[in-house]
Amino acid sequence: MRSNWKTIGSLLSSTMLAVTLSACGSGNNGGSEGAAAVQSSAAGEASTSPVLTTTAPAATVSASPVDALYEQAKKEGKVIVYSTSGRANDAAKTFMKQYPGIQVEVSKVKSDQMMDKVAREQDAGQFNPDVLVTKEVSGAVDFEMVKQGRYLKYLPEDIAPHEDEPFRTQAESVAGYAEFRTLWYNSDHYDKPPVTNWWDLTTPEWKGKVYTADPVGDPSFMNLFSTFAVHADDMAAAYKMKFGKDIELHGTENAGYEFIKQLLDNQLVTLDGSTDVLDAIGKKDSDALAIAVTGEVADLKEEGWHAKPIYDLKPKTSVVDAGYFFLAKNAPHEAAAKLFIRWMLGEADGQGAGIEPFNEVGSWVPRDDVKTKNEIAFDQLNLWNYDGEALYKIEPKVRDFWIKNK
């Protein structure tokens, strides 16, 4: 089954790439072909498409794609959103001002609970949500929802050329924003990052001085530690860069597991979450380090943290943690759903107010025409791409390894 879905996913990716290239080549951002493709969906065809296609006839369309969607969306009257992020609520407020006559109803749900809820509803023939805003959970969203056709990728043709990779043609869906987990230091104690390599944390200098959220209770942190095992060759190279010799394994499978083992042996401190570890190193002068999500940068002043994230570590700073937008299978308000996704993506020119909640310090909007509020652009970040297939396979094993060695 998995191999079949991989084949389908490959074909869909190829289709979307062809659409993107067509749009780029013709300079057609909202021309007749693009308008016809969106108009076809807006007119309420029997089923939604995982991606935009060019199979719709080149009908005569006088209105722009957005106008056509809006006309159909007003007939639908509302859009139902399940979201892991409160940012969807902020986008909904500006959307309802921009597109009066369409009510947005947002329910905040954790990612794993969202998967259970949507799967149960769809299996019972109940198609409630239209839009899903969620983070990936150990590859489970990809394998259990996207590849099962429950969550659908929708990247508007006129926005696609501006979406950064891997989200344009390679990722499971379009990303509204991206964050990652990295090391933080106390900005009063240090005037520059005190470490440059993840292996620094295994040395006596940092014994008992590194905090992290417990990955056993937080899949997003387990993603980071599992990624070390996925990219074991990179970790081995970074070890040699740090210590000037090849790594010696001590009963572990590879350099990724060895790093986790040595980090735990060096008395890594685990707390409940990102805010807890930043409280530990940022509330008062501290020479310790914390592993926390970059999105916390937006809360520095409010929380009273004197802390800064490190944006360049060897071999890679982190693995990207994207906030994905999906169209739900058999979305009951399909046109309104597509219009709302467009809004959250910033519309064709990236200037729509719906993008503002996602374009914050500590978060990156992966579009080449949207200026980041961070000191470094998204495409300059030294990050591993998210490998859902590898993480889905390896994460239970890394979890067991962590529990055994903690």
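Located above this text is the structure these notes cover.
Residues numbered from 1 in each chain as written. Predicted model: local features only at pLDDT ≥ 70, side-chain atom pairs only at ≥ 80, totals over all residues. Heavy atoms only, no water.

Novice: What's the story with the overall build of the chain in this structure? I'm lost.
Specialist: Counting its secondary structure elements, the chain contains 13 helices and 13 strands. When the accessible area of the chain is evaluated, it comes to approximately 17,200 Å², of which 47% is carbon and sulfur surface. (Helix = DSSP H or I, 4+ residues; strand = E, 2+ residues; numbered from the N terminus. Areas by Shrake-Rupley, 256 points an atom, 1.4 Å probe, with all protein chains shown as cover.)

Novice: Explanation requested: helix H7 (residues 219-230) in the structure shown.
Specialist: Its twelve residues place the ends of H7 16 Å apart at the C-alpha level, agreeing with the 16 Å of an ideal helix rising 1.5 Å per residue. Buried residues dominate H7, accounting for ten of its twelve residues. Residues of H7 that are buried: Ser220, Phe221, Met222, Asn223, Leu224, Phe225, Ser226, Thr227, Phe228 and Ala229. (Expected span 1.5 Å × (residues − 1). Buried < 20%, exposed > 50% of the residue type's maximum accessible area, 1.4 Å probe, protein only.)

Novice: How should I be thinking about the environment of Lys192 in this particular structure?
Specialist: Positionally, Lys192 belongs in the loop between strand S6 (181-186) and strand S7 (210-213). Of the residues examined, Lys192 reaches a relative accessible area of 57% and is grouped as exposed. A C-alpha to C-alpha distance of 9.1 Å links Lys192 and Ile310, two positions 118 residues apart in sequence.

Novice: Sorry if this is basic, but what is going on with the nonpolar core here?
Specialist: Generally speaking, soluble globular proteins have nonpolar side chains that are buried together. Among the nonpolar cores identified, the biggest contains 79 residues, and Tyr151, Leu183 and Trp198 are the most heavily contacted of them. Among the nonpolar cores identified, the runner-up in size contains 36 residues, and Tyr154, Ile159, Tyr177 and Met344 belong to it. (Core = buried A, V, L, I, M, F, W, Y, C linked by side-chain atoms within 4.5 Å.)

Novice: I would appreciate a short explanation of the pattern of salt bridges in the present structure.
Specialist: Think of it this way: side chains of opposite charge can pair up when their charged atoms draw near. Going through the model one piece at a time under the given rule, you end up with 19 salt bridges. Among the ionic pairs, Lys74 bridges to Glu71, the shortest N-O distance being 3.2 Å. You can see Lys74 and its partner Glu71 sitting in helix H3 (residues 65-76), three residues apart, about one turn around the helix. Assessed through its relative accessible area of 44%, Glu71 is described here as partly exposed. Here Glu334 ties to Lys338 by a salt bridge, and the two come within 3.0 Å at their closest N and O atoms. (Salt bridge = Lys/Arg side-chain N within 4 Å of Asp/Glu carboxyl O.)

Novice: What is the right way to look at the environment of Gly139 in this model?
Specialist: Tracing the sequence through the fold places Gly139 in the loop between strand S3 (131-135) and helix H6 (140-146). Gly139 sits 251 residues away from Ala390 along the chain, and the two C-alpha atoms are 7.9 Å apart. When sequence neighbours within four positions are dropped, the list of residues in contact with Gly139 reads Tyr386, Gly388 and Tyr392. (Contact = heavy atoms within 4.5 Å.)

Novice: Before we go on, may I ask you to explain the pairing of strand S5 (residues 174-179) in this structure?
Specialist: Working note: regular strand, side chains alternate between the two faces of the sheet. Burial analysis of S5 places six of its six residues in the buried class, the great majority of the element. When S5 meets strand S12 (residues 321-328), the two strands line up antiparallel, connected through five bridges. Counterpart to Val174 in the pairing with S12 is Phe325. (Pairing = 2+ DSSP bridges.)

Novice: How should I be thinking about the packing of helix H8 (residues 232-243) against helix H9 (residues 255-265) in this particular structure?
Specialist: Helix packing geometry: the angle between the two helix axes and the distance between the axes. Running from amino to carboxyl end, H8 crosses H9 at an angle of 60°, the nearest separation of the two axes being 7 Å. Here H8 lies oblique to H9, going by the angle between them. In this structure, H8 uses Ala232, Met235 and Ala236 to contact H9, whose residues at the interface are Ala255, Gly256 and Phe259. The class makeup of the residues in the contact of H8 with H9 is five nonpolar, one polar and no charged. (Axes fitted to C-alpha atoms, helices over the stretch in contact; angles between N-to-C directions. Parallel < 35°, antiparallel > 145°, perpendicular 65-115°, else oblique. Nonpolar A, V, L, I, M, F, W, Y, C, P; charged D, E, K, R; others polar.)

Novice: How should I be thinking about the pairing of strand S1 (residues 78-83) in this particular structure?
Specialist: Judged by how many residues are buried, S1 sits mostly within the fold: five of six residues are covered. Two strands pair when backbone bridges link them, and S1 and strand S2 (residues 103-108) are joined in this way by six bridges, in the parallel orientation. Looking at the pairing, Val79 lines up with Val104 of S2. With three bridges connecting them, S1 and S3 associate as parallel partners. Bridge assignment links Tyr82 to a residue of S3, and that residue is Leu132.

Novice: Where do I start with helix H5 (residues 111-123) in this structure?
Specialist: Between its first and last C-alpha, H5 extends 18 Å over 13 residues, near the 18 Å set by a 1.5 Å rise per residue. Residues of H5 that are buried: Ser111, Met114, Met115, Val118, Ala119, Glu121 and Gln122. The buried residues of H5 occupy an angular sector of 165° when projected down its axis, which confines them to one face. Seen from the buried face of H5, the exposed residues on the opposite side, beyond 90 degrees, are Arg120 and Asp123. A positive backbone phi angle near 80° is found at Gly125, which sits one or two residues after H5. (Arc of directions from axis to C-beta.)

Remember, this is a structural readout, not a statement about activity or role.
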